Amino acid sequence: MLEHVELFFKSIFIDNMVFAVFLGMCSYLAVSKKVATAVGLGAAVIFVLAVTVPMNWLLDKYILQDGALVWLGPEYADYNLSFLSFILFIATIATMVQLVEIVVEKFSPSLYNSLGIFLPLIAVNCAILGGSLFMQAREIETLGLAFNYGVSSGIGWFLAILAIAAIREKIRYSNVPAPLRGLGITFITTGLMGIGFQSFGGMLTGGGDETEEATEQVIQIKQLEVVEPEKEVVEKNTEIDEKEISYNDVKK
């Protein structure tokens, strides 16, 4: 359970698709002029990632990996189809995007018209393909973790485009210098937001082995600081006792 929670929050705030690896920037910049449009596209991205990442995990686990076809028989144990990863991943993504496009056009024509060409372009959105490739590269172990990673990565992208859309709506009424109007101030804002999201890293990486080692070192230093004054006191008392003994000998 802990690994699910850690993966969920890390994918949203630390490894955010926009602010950490800058994937999906084309639609992030083009469809973030209005909050309503950003919400629609963000929801579509969450759905596509939540479905395609687990599906591609199954493809990678049982078809693409070296020896994955052993379930067909021992004679297939030496087959390695990993070179087909990009083709199969993109085919899966394109299928799901087509399904999303049909549903949005059917139930929300206004949103479909607002998104325009960027809805079918989700199929070639590098954030969508990046989710599946990162899942493969990180060797996520279970289907549940793959689903968790897909949903959390989509939520991270959704929060990014929602935040920049809200800011851009307010910036329209601000006195922005002429050279920075439009994409200039948007890029600056995105960079500042990325720095802000990276600040969450300390919250999720604390408590590891390095932190424990540092804590042990501090404790050892504190113990030395306590022991050394005690040694000095003992040495001073010994010197005083020796002086008293020598003084008594002289008197005698």
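Here the structure is a predicted model, which means the values were calculated and not measured.

Peer 1: Now, about the confidence of the model for the chain: what can you tell me, with residues and values included?
Peer 2: Segments scoring low in pLDDT should not have their predicted coordinates read at a detailed level. A residue-level look at the chain finds 80% of positions with pLDDT of 70 or above and a mean pLDDT of 80. Of all the helices and strands in the chain, helix 10 (residues 209–251) carries the lowest mean pLDDT, 53, while helix 7 (residues 143–171) carries the highest, 92. Within the model, the stretch residues 207–211 combines pLDDT values under 50 with two contacts to residues more than four positions away or in other chains.

Peer 1: I'd love a proper account of the environment of Gln98, names of residues and values included.
Peer 2: With respect to the helices and strands, the residue Gln98 is situated in helix 4 (residues 85–107). A C-alpha to C-alpha distance of 7.0 Å links Gln98 and Pro120, two positions 22 residues apart in sequence.

Peer 1: Summarise the packing of aromatic side chains; cite the residues concerned and give the values.
Peer 2: In this structure the tally under the stated criterion is six aromatic pairs. Both rings, one in Phe19 and one in Tyr28, keep their centres 6.5 Å apart while their planes meet at 90°; by these two values the pair is edge-to-face. Summarising the aromatic geometry, the rings of Tyr76 and Tyr79 are spaced 5.5 Å apart at their centres and angled 45° between planes, so their arrangement reads as tilted. Overall, the relative accessible area of 31% leaves Tyr76 in the partly exposed class. Following the ring pairs from residue to residue traces out a cluster consisting of Phe8, Phe9, Phe13, Phe19, Tyr28 and Phe197. Positioned over the ring face of Phe134 is Arg138, at 5.3 Å from the centre of the ring.

Peer 1: Lay out the environment of Asp60 with the relevant residues and their values.
Peer 2: The residue Asp60 is located in helix 3 (residues 35–64) in this model. Asp60 sits in the buried class, given a relative accessible area of 7%. Distance in space between the C-alpha atoms of Asp60 and Leu88 is 9.4 Å, their sequence separation being 28 residues. A polar contact is formed between the side chain of Asp60 and the side chain of Gln65, at a distance of 2.9 Å.

Peer 1: Could you give an account of the UniProt feature "transmembrane region" (unreviewed entry) in the chain, naming the residues involved and the relevant values?
Peer 2: As annotated in UniProt, the feature "transmembrane region" (unreviewed entry) corresponds to residues 12–31, 38–59, 79–104, 111–134, 146–167 and 179–200 in the numbering used here. Across residues 179–200 one finds 73% helix and 0% strand; the C-alpha atoms that close the span lie 32 Å apart.

Peer 1: Pulling in residues and values, what's your account of the pattern of salt bridges?
Peer 2: When their charged atoms lie close together, side chains carrying opposite charge are able to pair. Taken as a whole and judged by the stated rule, the model has one salt bridge. Measuring nitrogen to oxygen at the nearest pair gives 3.6 Å for the salt bridge that ties Arg138 to Asp15. Of this pair, Arg138 sits in the loop between helix 6 (126–137) and helix 7 while Asp15 is found in the loop between helix 1 (2–14) and helix 2 (25–30), placing the two residues 123 residues apart along the sequence. Note on Arg138: relative accessible area 40%, which makes it partly exposed.

Peer 1: With reference to specific residues and values, describe helix 6.
Peer 2: Helix length check: helix 6, at twelve residues, gives a terminal C-alpha distance of 15 Å against a target of 16 Å (1.5 Å per residue), a fit within 8%. Buried within helix 6 we find Ala127, Ile128, Leu129, Gly130, Gly131, Ser132 and Met135. For helix 6, the secondary structure elements touched by its buried residues are helix 3, helix 4 and helix 7. Remark: Glu139 follows helix 6 within two positions and exhibits a positive phi of approximately 55°.

Peer 1: Help me get a handle on the side chain of Ser27, residues and values and all.
Peer 2: Within the element layout of this structure, Ser27 appears in helix 2. Once residues lying within four places of it in the same chain are set aside, the contact partners of Ser27 are Ser32, Leu41, Phe118, Asn125, Trp157 and Ile161.

Procedures and definitions
Residues numbered from 1 in each chain as written. Predicted model: local features only at pLDDT ≥ 70, side-chain atom pairs only at ≥ 80, totals over all residues. Heavy atoms only, no water. pLDDT = per-residue confidence, 0-100. Helix = DSSP H or I, 4+ residues; strand = E, 2+ residues; numbered from the N terminus. Contact = heavy atoms within 4.5 Å. Phe/Tyr/Trp six-rings, centres within 6.5 Å; stacked < 30°, edge-to-face > 60°. Buried < 20%, exposed > 50% of the residue type's maximum accessible area, 1.4 Å probe, protein only. Lys NZ or Arg CZ within 6 Å of the ring centre and 35° of its normal. Polar contact = N/O pair within 3.5 Å; in protein donor to acceptor, adjacent residues only side chain to side chain. UniProt positions renumbered as here; feature names shortened; annotations may be inferred. Salt bridge = Lys/Arg side-chain N within 4 Å of Asp/Glu carboxyl O. Expected span 1.5 Å × (residues − 1).

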